[in-house]
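# Architecture and fold: a report
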Amino acid sequence: MMTRLEKLVRELVLEPLVREVDAATLNHLEELGLINRKACEELAIYRLVERERRAGAKSCEAMLWSAEQLCCSYEKVRTIYYKQLKSRPYL
């Protein structure tokens, strides 16, 4: 059974890659450990917050909602969001 975060990683990070490469290749790379799971999770959290912001929520509200959806702390989401924002402003 997949966690909410694993489902989010699939939806926001890995599924868009399937359009670029076939699913078997993506699964194989994941099995070999060549896909950085932590980086994928952080990117998925960032994209979830950004999706809420684009829908009209303020940053803090979007981070709080995201934390509730993922059953994790607001601080975790906030830290990841601002880390991604600072290190990858082009996302």
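Notes on the structure follow. (Residues numbered from 1 in each chain as written. Predicted model: local features only at pLDDT ≥ 70, side-chain atom pairs only at ≥ 80, totals over all residues. Heavy atoms only, no water.)

We note that Cys71 has phi near 55°; this positive angle belongs to a residue other than glycine. Examined against the element boundaries, Cys71 turns out to sit in the loop between α4 (59-70) and α5 (74-87). Residue Cys71 is classed as exposed on the basis of its relative accessible area, which comes to 61%. (Helix = DSSP H or I, 4+ residues; strand = E, 2+ residues; numbered from the N terminus. Buried < 20%, exposed > 50% of the residue type's maximum accessible area, 1.4 Å probe, protein only.)

Under the counting rule described, the total for this entry stands at zero disulfides. No disulfide involves Cys40; its sulfur sits 17 Å from that of Cys72, the nearest cysteine. Of the residues examined, Cys40 reaches a relative accessible area of 11% and is grouped as buried. We note that Cys71 lacks a disulfide partner, and the nearest cysteine sulfur, in Cys72, lies 7.9 Å from it. (Disulfide = S-S within 2.5 Å.)

Our focus in this paragraph is the pattern of salt bridges. One pass over the structure, following the stated rule, counts seven salt bridges. In this structure, Lys38 engages Glu42 in a salt bridge whose closest nitrogen and oxygen atoms are separated by 2.9 Å. Of this pair, Lys38 and Glu42 both sit in helix α3 (residues 37-54), four residues apart, which is roughly one turn of the helix. (Salt bridge = Lys/Arg side-chain N within 4 Å of Asp/Glu carboxyl O.)

Locating Ser66 in the fold gives a position in helix α4. When near neighbours in sequence (up to four residues on either side) are disregarded, Ser66 contacts Leu48, Val49 and Val77. (Contact = heavy atoms within 4.5 Å.)

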